[in-house]
Amino acid sequence: MIVCFDIGGTAIKGAIAYAPDDIRPFPRKPTPATDFDAFVGIMNDIILEAGERPDCVALSICGIIDPDTNRAVVANIPCIHNRPLKADLETALGLPVLIANDADCFVLAEAALGAGRGHRVVFGAILGTGVGGGLVIDGHLINRDGGFAGEWGHGPIAATEAGTPPVKLPRFQCGCGQMGCIDATCSARGIEKLHLHLNQLTASSEDIVSAWENGDAAASHTISVFLDVISAPLALVVNITGTTIIPVGGGLSNAPKLISAIDTAVRSKILRRFNRPLVVPAQCTIEPGLIGAAILGLSLIRDETNL
């Protein structure tokens, strides 16, 4: 048995896990973003609620463990940002600790129990407040020891001309510090910026997608440009990794017509041809962070048992 956590900027979700498909969640608790002792205290309380000593603790975090320094990069939770988080938590909790990025946990969950079942190479894409991703090959997470693989949302690669007929696009400022990232142009907030730039209209991404689905001309123009911008880098991901399925999570995945349109655009630009959907909505819609963390923790216990 392990205890797994999905750590977000707003809430900490904890659960007991006996198997990837046997996860028993506890009520969520507010994240003490600026107090590390309180942060550890909540984790200890949840571990005690398990009723027995777990074999290890596994975390999904909204950030990254830098593989060179072993320090956490979690900008929206200051009390764990820039800490050697694994070492600090192992000392504080007295248990082995595994930590992975939330997008990595998402793709682990999808590869094992979701849309990626039966696929050797699975790339999970997050399309929501931000754009992220993770890669699983032969059941193994590429970023098992931390790292930045799968971060296709960052880098100055967004097109500066897109759509039919082509229109000029600015390089939007990204939160990572660069200009012209896919995260800045094709996230939910990016769609809103595109809509404002193209149509001089302010609207939420949800309203823009809904209007597009209902045939609105301005929204259709925005989504047409969005599809052109996002499909090229995602097609490149397919060509480089050889993935045969891309489960999509995040808020935009709740619009099946939009995901289908992304799929059509991506499949028109890749070298290998698929006669079936490639970009699909995620299937593990409930707590994929907990599922992915559980898979990591349980695999560690299995590997140690088999030594």
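Residues numbered from 1 in each chain as written. Predicted model: local features only at pLDDT ≥ 70, side-chain atom pairs only at ≥ 80, totals over all residues. Heavy atoms only, no water.

A. How the structure looks around the overall build of the chain. Tallying secondary structure elements over the chain gives nine helices and 15 strands in all. Taking 2.2 N^0.38 as the reference for a compact globule, 307 residues should give roughly 19 Å; the C-alpha atoms of the chain span a radius of gyration of 20 Å, in line with that estimate. Taken over the C-alpha atoms alone, the chain extends approximately 60 × 40 × 35 Å along its principal axes. The buried share of the chain, reckoned over its 307 residues, is 53%. (Helix = DSSP H or I, 4+ residues; strand = E, 2+ residues; numbered from the N terminus. Rg over C-alpha atoms; globule rule 2.2 N^0.38 Å. Buried < 20%, exposed > 50% of the residue type's maximum accessible area, 1.4 Å probe, protein only.)

B. How the structure looks around the pairing of strand 8 (residues 97–101). A large share of strand 8 lies buried, amounting to five of its five residues. Of the two faces of strand 8, both are covered, the one formed by V97, I99 and N101 as well as the one formed by L98 and A100. Where strand 5 (residues 57–61) meets strand 8, five bridges bridge the pair, whose relative direction is parallel. Considered in strand 8, the bridge of A58 is made with L98. (Pairing = 2+ DSSP bridges.)

C. Main features of the layout of surface pockets. Empty space within the second largest pocket amounts to approximately 220 Å³. Surrounding the second largest pocket, I65, N70, P84, K86, A87, V97, L98, I99, R144, D145, G146 and L296 form its lining. Going through the elements one at a time, helix 2 (85–93) and strand 8 are the ones with two or more residues in the lining of the second largest pocket. Counting residues per element, the lining of the second largest pocket draws most heavily on strand 8, which supplies three residues. Of the residues belonging to the lining of the second largest pocket, the class tally is seven nonpolar, two polar and three charged. Two domains share the lining of the second largest pocket, each providing at least three of its residues, namely domain 1 (2–101 + 286–306) and domain 2 (115–281). (1 Å grid on protein atoms, 1.4 Å probe; cavity = no way out; pocket = protein on both sides within 12 Å on 5 of 7 lines; lining within 4 Å. Points joined across faces, edges and corners; volume = space filled by probe spheres on them. Nonpolar A, V, L, I, M, F, W, Y, C, P; charged D, E, K, R; others polar. Domains from an automatic or database assignment.)

D. Representation of empty space enclosed by the protein in the model. Tallied over the full model, the rule gives one cavity of 30 Å³ or more. In this structure, the largest cavity spans a volume of roughly 50 Å³. Residue assignment for the lining of the largest cavity shows that the elements contributing at least two residues are strand 6 (64–65) and strand 8. Counting residues per element, the lining of the largest cavity draws most heavily on strand 8, which supplies three residues. Residue classes in the lining of the largest cavity are distributed as five nonpolar, five polar and one charged. For the lining of the largest cavity, the domains that each give at least three residues are domain 1 (2–101 + 286–306) and domain 2 (115–281).

E. Examining the packing of helix 6 (residues 205–213) against helix 8 (residues 256–267) more closely. Remark: helix 6 packs on helix 8, axes separated minimally by 10 Å, with the N-to-C direction vectors making an angle of 75°. As judged from the angle between their axes, helix 6 and helix 8 are roughly perpendicular. Here helix 6 contributes V209, W212 and E213 to the contact with helix 8, which in turn contributes K257, L258 and A261. Taken together, the residues that form the contact of helix 6 with helix 8 break down as four nonpolar, no polar and two charged. (Axes fitted to C-alpha atoms, helices over the stretch in contact; angles between N-to-C directions. Parallel < 35°, antiparallel > 145°, perpendicular 65-115°, else oblique. Contact = heavy atoms within 4.5 Å.)

F. Here's a closer look at the domain arrangement of the chain. For the chain, the assigned domains read domain 1 (2–101 + 286–306) and domain 2 (115–281). Taken together, the contacts link ten residues of domain 1 with seven residues of domain 2. Summing both partners gives a buried area of about 700 Å² for domain 1 against domain 2, and 58% of it is carried by carbon and sulfur. Inspection of the region where domain 1 meets domain 2 yields one residue pair in polar contact (both at pLDDT 80 or more). Elements represented by at least two residues in the side of domain 1 that touches domain 2 include exactly strand 6, strand 8 and helix 9 (288–306). In terms of residue count, helix 9 provides more of the side of domain 1 that touches domain 2 than any other element does, four residues in total. The residue inventory of the side of domain 1 that touches domain 2, partitioned by class, reads six nonpolar, two polar and two charged. (Buried area = accessible area lost by both parts, 1.4 Å probe. Polar contact = N/O pair within 3.5 Å; in protein donor to acceptor, adjacent residues only side chain to side chain.)

G. Broad picture of the environment of P170. Take P170: it is sitting in the loop between strand 13 (167–168) and helix 4 (182–186). With relative accessibility at 31%, the residue P170 sits in the partly exposed group. Sequence spacing of P170 and D145 is 25 residues, and the spatial spacing of their C-alpha atoms is 36 Å.

H. Quick peek at the pairing of strand 5. Most of strand 5 is tucked away: five of the five residues are buried. Neither face of strand 5 is open: one carries V57, L59 and I61, the other A58 and S60, and all of them are buried. Two strands pair when backbone bridges link them, and strand 1 (residues 2–7) and strand 5 are joined in this way by five bridges, in the parallel orientation. The residue of strand 5 that forms the bridge with F5 is L59.

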